[in-house]
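Structural overview
Spelled out, the chains give:
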Amino acid sequence: MKVKIISLAMILSFASSNAFAKEFVLIDNEQGISTGNWSISNKDTSVKAPAFTVQNAVLTGGKQAGSEVITITSGGFVIKLSPTRGMGILSVEGDGVRMGWDSPVNEVVNPANINLESRGGIGWLEGFNEMMVRCGFEWTGHAVEADGMMYTLHGNAGNTPVSKLIVDVKDTAPYTITVKGLIKEKTFKKSNLETWASLSYVPGARSFTVHDVVTNQGDYERDYQIIYHSNFGMPILEQDAQFIAPVKEISPFNDYAKEGLKTWQTYLGPTKGFDEMVFNIYPYGDDKNQTKVMVANKTGDKGAGIEFNLDQLPVLSLWKNTDTLKQGYVTGLEPGTSFAYPVTIEREQQRVRKLAPGQSVEFTLTYRLLAGKKAVDDYKNQIKTIQGDQLTTVVEEPMAYE
Amino acid sequence: MKVKIISLAMILSFASSNAFAKEFVLIDNEQGISTGNWSISNKDTSVKAPAFTVQNAVLTGGKQAGSEVITITSGGFVIKLSPTRGMGILSVEGDGVRMGWDSPVNEVVNPANINLESRGGIGWLEGFNEMMVRCGFEWTGHAVEADGMMYTLHGNAGNTPVSKLIVDVKDTAPYTITVKGLIKEKTFKKSNLETWASLSYVPGARSFTVHDVVTNQGDYERDYQIIYHSNFGMPILEQDAQFIAPVKEISPFNDYAKEGLKTWQTYLGPTKGFDEMVFNIYPYGDDKNQTKVMVANKTGDKGAGIEFNLDQLPVLSLWKNTDTLKQGYVTGLEPGTSFAYPVTIEREQQRVRKLAPGQSVEFTLTYRLLAGKKAVDDYKNQIKTIQGDQLTTVVEEPMAYE
Amino acid sequence: MKVKIISLAMILSFASSNAFAKEFVLIDNEQGISTGNWSISNKDTSVKAPAFTVQNAVLTGGKQAGSEVITITSGGFVIKLSPTRGMGILSVEGDGVRMGWDSPVNEVVNPANINLESRGGIGWLEGFNEMMVRCGFEWTGHAVEADGMMYTLHGNAGNTPVSKLIVDVKDTAPYTITVKGLIKEKTFKKSNLETWASLSYVPGARSFTVHDVVTNQGDYERDYQIIYHSNFGMPILEQDAQFIAPVKEISPFNDYAKEGLKTWQTYLGPTKGFDEMVFNIYPYGDDKNQTKVMVANKTGDKGAGIEFNLDQLPVLSLWKNTDTLKQGYVTGLEPGTSFAYPVTIEREQQRVRKLAPGQSVEFTLTYRLLAGKKAVDDYKNQIKTIQGDQLTTVVEEPMAYE
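Residues numbered from 1 in each chain as written. Chains lettered and ligands numbered in written order. Predicted model: local features only at pLDDT ≥ 70, side-chain atom pairs only at ≥ 80, totals over all residues. Heavy atoms only, no water.

**Topic: the overall build of chain A**
In plain terms, the rule: Put simply, DSSP H or I for four residues or longer makes a helix, DSSP E for two residues or longer makes a strand, and each gets a number counted from the N terminus. Put simply, the radius of gyration uses C-alpha atoms, and a globule should come to 2.2 Å times the residue count raised to 0.38. Residue burial is assigned from relative accessible area. The probe radius is 1.4 Å, only protein chains are included, and a residue is buried under 20% of its type maximum, exposed over 50%, and partly exposed in between. It only takes one pair of heavy atoms within 4.5 Å for two residues to be counted as in contact. Only the protein chains shown count as cover for residues, with accessible areas throughout obtained via the Shrake-Rupley method and a probe of 1.4 Å. The convention is simple: Lys and Arg are positive, Asp and Glu are negative, and His and the chain ends are not counted. Lysine's charge is taken at NZ, arginine's at CZ, aspartate's at CG and glutamate's at CD.
What chain A contains, in helices and strands, is six helices and 26 strands. For a compact globule of 402 residues, the expected C-alpha radius of gyration is about 21 Å, and chain A comes in at 21 Å, within 12% of that figure. Principal axes of the C-alpha set define a box for chain A whose edges measure 70 × 55 × 45 Å. In chain A, which comprises 402 residues, the proportion classed as buried is 64%. Put simply, of all contacts in chain A between residues at least 6 apart along the chain, 67% involve residues at least 24 apart. For chain A, the computed accessible surface area is about 14,100 Å², with 52% contributed by carbon and sulfur atoms. Counting 39 positive and 46 negative side-chain charges, chain A places the centres of these two groups 5 Å from one another.

**So, the interface of chain B and chain A**
What counts is decided by this rule: The term buried area denotes the loss of accessible surface (1.4 Å probe radius) that occurs when two parts are joined, taken as the sum for both partners. Salt-bridge detection follows one rule: a side-chain nitrogen of Lys or Arg within 4 Å of a carboxyl oxygen of Asp or Glu. As used in this structure description, the phrase polar contact means that two N or O atoms lie within 3.5 Å; if the pair is within protein, one of them must be able to donate a hydrogen and the other to accept it, and residues adjacent in sequence are counted only when both atoms belong to side chains. For this scheme, ten residues count as nonpolar: Ala, Val, Leu, Ile, Met, Phe, Trp, Tyr, Cys and Pro. Four count as charged, namely Asp, Glu, Lys and Arg, and the remainder, Gly too, count as polar.
Listed as interface residues are 45 residues of chain B and, on the opposing side, 35 residues of chain A. Roughly 3,100 Å² of surface becomes buried between chain B and chain A when both sides are summed, with 51% attributable to carbon and sulfur atoms. The largest per-residue losses of area from chain B upon contact with chain A belong to B:T60, B:R119 and B:Q327, which jointly make up 23% of the total buried on that side. In this structure, the connection of chain B to chain A is made through four salt bridges. Linking chain B with chain A are 21 residue pairs in polar contact (both at pLDDT 80 or more), by the criterion used here. Listing elements by their share of the side of chain B that touches chain A, those giving two or more residues are β3 (38-41), α2 (118-121), β22 (315-322) and α4 (325-328) of chain B. Partitioned by chemical class, the residues of the side of chain B that touches chain A number 15 nonpolar, 19 polar and eleven charged.

**Looking at helix α6 (residues 373-387) of chain C**
Three or four residues apart is the spacing at which side chains of an α-helix point the same way, because the helix has 3.6 residues per turn. Residue and element names in this part refer to chain C. Defined as follows: In this scheme, a helix's expected span is set at 1.5 Å multiplied by one less than its residue total. Note that the arc is computed from the directions linking the helix axis to the C-beta atoms.
The terminal C-alpha atoms of α6 lie 21 Å apart, and with 15 residues this matches the ideal 21 Å at 1.5 Å per residue to within 8%. Listed in full, the buried residues belonging to α6 are V376, Y379, K380, I383, I386 and Q387. Buried residues of α6, seen end-on, are gathered within an arc of 115° and therefore sit on one face of the element. More than 90 degrees from the buried face of α6, the exposed residues found are K374, K384 and T385. Its buried side turned inward, α6 meets β17 (242-244), β18 (247-252), β20 (290-296), β21 (302-309) and β25 (360-371). Following α6 by one or two positions, G388 has its phi on the positive side, about 55°.

**Observations concerning the relation of the copies chain B and chain A**
One chain copy maps onto the other through a rotation about an axis and a shift parallel to that axis. What counts, and what does not: Here the copies are superposed with least squares, the fitted atoms being C-alpha atoms of residues at a pLDDT of at least 70 in both.
Mapping chain B onto chain A calls for a screw motion: a turn of 120° about the axis and a shift of 0.0 Å along it, with 0.0 Å RMSD after fitting. When the rotation and shift are considered jointly, the pair of chain copies conforms to a three-fold rotation axis. Distance from the rotation axis, computed per C-alpha, reaches its smallest value in chain B at B:A112: 3.3 Å. Of the interface residues in chain B, just 7% have counterparts in chain A that sit at the interface too, so the contact is made through distinct surfaces.

**Points about the interface of chain B and chain C**
Accessible area lost on assembly of the parts is the figure often given for the size of an interface. Each side of the interface is counted separately: chain B has 35 residues, and chain C has 45 residues. Here chain B meets chain C over a buried area of about 3,100 Å², counting both sides, of which 51% is carbon and sulfur. Linking chain B with chain C are four salt bridges, by the criterion used here. The closest approach of N and O atoms between B:K189 and C:D275, which form a salt bridge, is 2.7 Å. Taken together, the connections running from chain B to chain C amount to 21 residue pairs in polar contact (both at pLDDT 80 or more). Listed by contribution, the elements that provide at least two residues to the side of chain B that touches chain C are β1 (21-28), β2 (33-34), β13 (177-187) and β14 (191-201) of chain B. No other element matches β13(B), which puts three residues into the side of chain B that touches chain C.

**Focus on the relation of the copies chain B and chain C**
Overlay of chain B on chain C (RMSD 0.0 Å): rotation 120°, translation along the axis 0.0 Å. The overlap is low: 9% of the interface residues of chain B also sit at the interface in chain C, so different surfaces are used on the two sides.

**A look at the pairing of strand β12 (residues 164-170) of chain B**
Residue and element names in this part refer to chain B. The cut-off we apply is this: Strand pairing is defined by DSSP finding a minimum of two bridges between the two strands.
Most of β12 sits inside the fold, with six of its seven residues counted as buried. Pairing between β12 and β13: six bridges, direction antiparallel. Within β13, the position partnered with V167 by the bridge is V179. Taking the residues between adjacent antiparallel strands as the criterion, β12 and β13 are bridged by six residues, where Y175 takes a positive phi near 60°.

**Re the side chain of C:E126**
Tracing the sequence through the fold places C:E126 in the loop between α2 (118-121) and β9 (132-137). Accessibility expressed as a relative area gives 10% for C:E126, which makes it buried. In contact with C:E126, not counting residues within four places along its chain, are B:K186, B:T187, C:V105, C:V109, C:I114, C:S118 and C:R119.

**What to know about the pattern of salt bridges**
In total, this model carries 68 salt bridges over all chains according to the counting rule given. Overlapping salt bridges, with partners in common, bring together A:D147, A:D223, A:R347 and A:K354 in one network.

**A short note on the side chain of A:T291**
Residues and elements named next belong to chain A. The topology assignment puts T291 in strand β20 (residues 290-296). On the basis of relative accessibility, which here comes to 1%, the residue T291 falls in the buried class. A distance of 2.6 Å separates the side chain of T291 from the backbone oxygen of Y284, its partner in a polar contact. Setting aside residues up to four positions removed in sequence, T291 forms contacts with P246, P283, Y284, G285, I306, E307, F308, L310 and I386.

Following this line, the structure appears as structure tokens:
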């Protein structure tokens, strides 16, 4: 009498030719697939690929019960991301460097256990601990009550479990592994956005690429916003750690950040009572509008870099949350279409973009773990090349007040 | 050490005599039963019954993960309903006709993933895609803040997973299949309603009956309201599709609907920018106060009819949401105790009913899929008979303003 | 391809020496353990222990689906508690006496299905049916909007599933069984509390001990509050049932409770329209500041007693909810750091305590089921001894108004 829904897609993927790629469907809301605990290694895909594993684990306990986490490992490099939390990247480690941070929230909180409207619209903070969380796409920024509703802090995407989840491994060099998930932000009359959010990694590499395609599946033009909230703590962040970016203009987010304007290029150590300072940055790009930003430790042998395109993501929020270790000692380098002001201000200042019916927009960011002085210096030099002899304007006044 | 709770009820149901019926307990919160993926067919019940299958499937992926869907099929007729979403009917198909519609919300969203208070009390729209969703029973109608709380859009029943779920198949002709679920709306000091919500179907038929029994299990008189929000899109709905009902009085829901008063009997095609028009209707009934309403396509060979009793459900909301296809091209024929105004207005205008302690009230609606000109014409004629030569009053002004 | 995460901790616990204790890890968020349905008995632990069973069951159906319930039985004594609902104690029964009550909420509602902010911040009432529920620890008391947020009724702990769950059985007399769970109240920038909440029971006994250790894991001083909301209905509560405590001072919670000041020591039978009366009590303690409070039926052969320490829990709320049986006929004896006023008032009147960074605070309460006249009289006499000839001050005016 019991009927087990068998994952035909998985069977088919194995039966398929070895010629180009192997695609593993881990979640499919239409085909009734949910693989749960699962893993593959290079042995399951290609005899020639370098050693790697991709594992999916269903977490247990507390508010994280049922959350899934994908772990990709290769040559001592470990990437963790959660399809349940909008494909957010939890942490990346390798060569003694960690991209990520230690939030007091030390579980991968299942969104079913979060009320984004709680605490005056900042329930998002009950789950926030990712190295990279997508803040968007219907809206982003600080919480604000407007239009008869609460625009909750940083939107819904980061707390949306994916409707489809696919692991794709290429059979030919460089044997790229891609994990992609479908995030639906759909509400009758209000929103019809679909985002394929992916992470691609070449086994053995120390970098990976995030590539998102956001599509307005509706018949009406819709606003969208995105901030790639990318967060780094110890061991990269420390006293006198450096923020390096080709900066065209920097301004304080609010009055409190004015005090930090003179030292925006360096960090304090863990500082009780510091809370957070945010700076709004317009970066320079190269001739293709590509730019790179980075954070490195004091001695310059541990760092993290992000490369992105200014046509896609024209602004960067620099979030310095150099409070105590247990409070969350962390800096955010946040490429975005918007700054972190409430949507009301972002609209007013015309940073909220629109998607026509059927239109897609894509975002590509390459994250690089920088281990060793050479890796850090190389990245630094690439940033210097972009800056060239172009000046940095330091604006003393915030562009808006909440 | 591991203990598996075995479904004794299921074993017993099989062991029981074939004389009258077979009852399958799929969910029982008291006995610890949750069958999950499951199916039966006529072969499991009676040798003489026409071919049918009843299947329960646990969905996966995204915000629908864990939602269950019952599918009843017989002779090309397919009914889908979700016990997880308050026994809401997702769609009914047969003979090339579909009762149901295409919402941008294309998952069976698990209520655990919906915050009904979000977006100013209209989180209900994040899950709305049913052919029929129960809007009630503690309250219904548009969201309103009153009495120190938010009365969220259309109440809780449609987002309440059932505490018990029973499939009952009669062993004697006409071998009626009944699926019934127990919806609890219980809050200490506030609400103590229990509703047995059922759908009965005779194998081979093109109609089915919804029968709900709402009981006030508390010691205090309690308000209740219900709107059977029944929704139809393509292929029934199209340009010049017809709404047919024995109408005693029709009035616009608001000022915008005034423009549509002259053409209330027909529909526009998908119309960008139309949004929605709602009309408040008092139908005529026959000598037993039974009435029938229907929607049919332009040529009159595809339609859907609903029969109900005006003592139980005295009013009908006609919802014309003839916006674009992707926005949700749909009309609602909504028998109710109330119109769709906020509970505050419904109270003021005395359409909110009361249940005494221990009192039950029942609602019976028969939905009919109309395939072919004859079926449509027959239903139309039955409606004409009810109307007879009684006049329709068109009231120009809304009865209330939100 | 499928990988099952095996519970190493459980294997190890069995392999370990029999010398002192057996520890069974049922849930561990870090090790990926979630045992689900499970049970042990004295046979699994020690040949000499008196007969007992400890069982964990995963509930099904409705809003309780996925909730877990631990049942401890020994010699006709049955304790039920839910790790999913913050280790709340559902009921305790033995010798014809029941500690607990009949709430209209007759499921063990999974917190994933509760929005604590609903109904104006009193969504907590949608799950309230425990014999003892922890109201805290970040805040407690009546809902209030302040500081730009909603402090929801009685805080989050009671609706927080535990991140770790351990059953520990001593191998030597008296073979104490301890069930302990880890409750995390963590929100970035806002809260970093961890509570090990435990219940210890000696097989065969008619009492058990609740022992909680709350730790501020953050780097900032934080407020905390706790009310051990302990609730008793039939058969202990009845007309002329008695509340007995060594009372130093009693005052009405609000104007309505003034009417009940003269009869605070006895109860009404189920009384339609009574709703609830609350009294604020400062108890006397013995020379170690230990105190005892109790409720007993009219004839004094069925009762429940709670022993606690006034340094830990200086105040007692007496909640008389002697409304009808179906509305919830129940009294609460609620030792706390605070009364049930909103946190704003509790702060003003300086009953909100603080935890320094890294600091822990502990609470110990011993609950005793009193079956038979002797047991009741003994407990009563112990209370009388504490009161001695010390006077009870009856304050006529509430100490605060909401």
